[in-house]
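One letter stands for each residue in the lines below.
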Amino acid sequence: MVGYDPEAKCVSTAEAAAAGSASGLVTRVLVSPLDVLKIRFQLQIEQLSSRNPAAKYHGILQAVQRIFREEGLTAFWKGHVPAQFLSVGFGAVQFMAFENLTELVHNVTSFNARDSFVHLVCGGLAACTATVAVQPVDTLRTRFAAQGEPKIYPNLRHAVVTMYQTEGPQTFYRGLTPTLVAIFPYAGLQFFFYNILQQFSKWMIPAEGKNGGNVKNLVCGSCAGVISKTLTYPLDVVKKRLQVGGFEHARAAFGQVRTYGGLLDCMRQIMREEGSGGFFKGLSPSLLKAALSTGLIFFWYELFCGLLCALKSPESTRRKEG
């Protein structure tokens, strides 16, 4: 169902966008706490260890307890409004672009639109398109998730106005370069491995045993998310560090803060001060999030597309007429 299939084309571009938006919305609600944990870990300069007394966060359970104690349950959904705009917009643009790109490949080249390599390239390009469209919202989401108490930005409108007036319009695109560098292989590998795992599951599971299609989509998506996230994670850390540039005053309660001059400078400082392990801070909650979010994104997308196809089927039409 994911990507253009000339033999079973029943989802239009608009319907692909709608299914992508809906899948992003539902998934975001479920994985938001892991996203907040991941961002907090990525932005911490100090080593994530209980042996470091200056470190605010040591591990997942300790971080959950501390955030809950200091900021309350709602802290795990900080920045949820911009995050939902991000998820809905990203899902719509990504899947719409992916469907169009795979159809274009099928129509104007000799490649098979169902090939894993085609999904790798088209998935990366579709994600880059979606990233440019929603990058300002991603920056807002990161700022909200990163701030402690008292809040610097009480609401979305205040954040937009303050950032624009004090830092200029370019601040909404902080971290865009590492984001694009990371998102192409990350999203491309998601679609690539999802395609491969789906083909592998068809080979492993006999035709008469394919009733658990939704569970299969969830498992294949989760595995694809874990693999792709692990391979591209360091650039995600760099992106988050750059996105909170100019926001140092709100980070003081969390420990040390740093100012970075750009992508290369950020990478140099992390390597010099934190070592290679600094590029993998927050990997544990990030992998949990990747497994859940990617699995659920593909699960819900396939489910919503299946429902749309079922509603347009001749049997459904006849039932409505009857």
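Residues numbered from 1 in each chain as written. Predicted model: local features only at pLDDT ≥ 70, side-chain atom pairs only at ≥ 80, totals over all residues. Heavy atoms only, no water.

- Looking at an unreviewed UniProt entry, one finds the protein chain named Mitochondrial thiamine pyrophosphate carrier and attributed to Dasyornis broadbenti.
- Under the heading Sequence similarities (unreviewed entry), UniProt records this for the protein chain: "Belongs to the mitochondrial carrier (TC 2.A.29) family."
- What the UniProt record of the protein chain gives under Subcellular location (unreviewed entry) is the line "Mitochondrion membrane". (UniProt positions renumbered as here; feature names shortened; annotations may be inferred.)

## Let's talk about the state of the cysteines
- Applying the stated rule across the entire model yields zero disulfides.
- The cysteine Cys122 is free of any disulfide, with Cys128 supplying the nearest cysteine sulfur at 12 Å. (Disulfide = S-S within 2.5 Å.)

## Examining the layout of surface pockets
- The calculated volume of the second largest pocket comes to roughly 200 Å³.
- Forming the walls of the second largest pocket are 17 residues, and the residues nearest its centre are Lys78, Gly79, Phe144, Lys151 and Pro154.
- Here the element with the most residues in the lining of the second largest pocket is helix H3 (residues 80-108); it accounts for three residues. (1 Å grid on protein atoms, 1.4 Å probe; cavity = no way out; pocket = protein on both sides within 12 Å on 5 of 7 lines; lining within 4 Å. Points joined across faces, edges and corners; volume = space filled by probe spheres on them. Helix = DSSP H or I, 4+ residues; strand = E, 2+ residues; numbered from the N terminus.)

## Focus: the pattern of salt bridges
- Counted under the stated rule, the structure contains 18 salt bridges.
- For Arg40, the salt bridge goes to Glu71, with nearest N and O atoms at 3.0 Å. Taken as a pair, Arg40 in helix H1 (residues 13-43) and Glu71 in helix H2 (residues 60-71) lie far apart in primary sequence, 31 residues in all.
- Residue Arg40 is classed as buried on the basis of its relative accessible area of 1%. (Salt bridge = Lys/Arg side-chain N within 4 Å of Asp/Glu carboxyl O. Buried < 20%, exposed > 50% of the residue type's maximum accessible area, 1.4 Å probe, protein only.)

## Here's the deal with the packing of helix H4 (residues 116-146) against helix H7 (residues 213-243)
- At their nearest, the axes of H4 and H7 sit 9 Å apart, and the two run at 80 degrees to each other. Looking at the two axes, H4 sits roughly perpendicular to H7. Every residue of H7 that contacts H4 at Gln135, Asp138, Thr139, Arg141, Thr142 and Arg143 is listed here: Lys239, Lys240 and Gln243.
- Among the residues making up the contact of H4 with H7, the classes are represented as no nonpolar, four polar and five charged. (Axes fitted to C-alpha atoms, helices over the stretch in contact; angles between N-to-C directions. Parallel < 35°, antiparallel > 145°, perpendicular 65-115°, else oblique. Contact = heavy atoms within 4.5 Å. Nonpolar A, V, L, I, M, F, W, Y, C, P; charged D, E, K, R; others polar.)

## Some remarks on the packing of H1 against H3
- Interhelical geometry of H1 versus H3 gives an angle of 145 degrees and a closest axis separation of 7 Å. Considering only the axes of H1 and H3, their crossing is right-handed. Here Thr13, Ala16, Ala17, Gly20, Ser21, Ser23, Gly24, Leu25, Arg28, Val29 and Ser32 of H1 come into contact with H3, specifically with His80, Ala83, Gln84, Leu86, Ser87, Val88, Gly91, Ala92, Phe95, Met96, Glu99 and Asn100. (Left-handed = near helix turned anticlockwise from the far one by under 90°.)

## Overview of a nonpolar patch on the surface
- On the surface, a nonpolar cluster with roughly 570 Å² of combined accessible area is contributed by Leu25, Val29, Leu30, Phe68, Leu73 and Trp77.
- With three residues, H1 is the single largest residue contributor to the nonpolar patch.
- Take Val29: it is sitting in helix H1.
- Judged by relative accessible area, which is 37%, Val29 ranks as partly exposed. (Patch = residues over 30% accessible without salt bridge, like charges linked within 9 Å, V, L, I, M, F, W, Y side chains within 5 Å. Areas by Shrake-Rupley, 256 points an atom, 1.4 Å probe, with all protein chains shown as cover.)

## So, the side chain of Thr139
- Along the chain, the position of Thr139 falls in helix H4.
- Each residue touching Thr139, except ones within four places of it in the same chain, is listed here: Met163, Thr171, Phe172, Arg174 and Gln243.

## Focus on the side chain of Arg141
- Looking at the secondary structure, you find Arg141 in helix H4.
- Residue classification places Arg141 among the buried positions, given a relative accessible area of 5%.
- Only 2.4 Å separates the side chain of Arg141 from the side chain of Asp35, close enough to count as a polar contact.
- When sequence neighbours within four positions are dropped, the list of residues in contact with Arg141 reads Arg28, Asp35, Ile39, Gly79, Pro82, Ala83, Leu86 and Lys240. (Polar contact = N/O pair within 3.5 Å; in protein donor to acceptor, adjacent residues only side chain to side chain.)

## Considering helix H6 (residues 176-204)
- With 29 residues, H6 extends 41 Å between its outermost C-alpha atoms, agreeing within 8% with the 42 Å of an ideal straight helix rising 1.5 Å per residue.
- Where H6 bends most, at Ile183, the angle is about 30 degrees, and the proline Pro185 comes one to four residues later. (Expected span 1.5 Å × (residues − 1). Bend = angle between axes of the 7 residues up to and from the residue.)

## What to know about the UniProt feature "transmembrane region" (unreviewed entry) in the protein chain
- When the UniProt feature table is mapped to this numbering, "transmembrane region" (unreviewed entry) covers residues 290-311.
- Span residues 290-311 is 100% helix and 0% strand, its end C-alpha atoms 31 Å apart.

## Concerning empty space enclosed by the protein
- Enumeration over the complete set of coordinates arrives at three cavities of 30 Å³ or more.
- By volume, the largest cavity amounts to about 740 Å³.
- The wall of the largest cavity is formed by 37 residues, among which Arg28, Phe90, Ile183, Tyr186 and Lys289 lie closest to the centre.
- Elements that contribute at least two residues to the lining of the largest cavity include exactly H1, H3, H4, H6, H7 and helix H9 (283-312).
- Per-element accounting of the lining of the largest cavity gives the leading share, eight residues, to H6.

## Observations regarding the nonpolar core
- By size, the foremost hydrophobic cluster in this structure holds 22 residues, and its most contacted members are Val2, Phe95, Phe98, Phe191, Tyr194, Phe298 and Tyr301.
- With five residues, the single largest contributor to this core is H9.
- Sequence-distant contacts of Val2, that is, excluding residues within four places in its chain, are made with Phe95, Phe98, Glu99, Arg114, His119, Phe191, Tyr194, Phe298, Tyr301 and Glu302. (Core = buried A, V, L, I, M, F, W, Y, C linked by side-chain atoms within 4.5 Å.)

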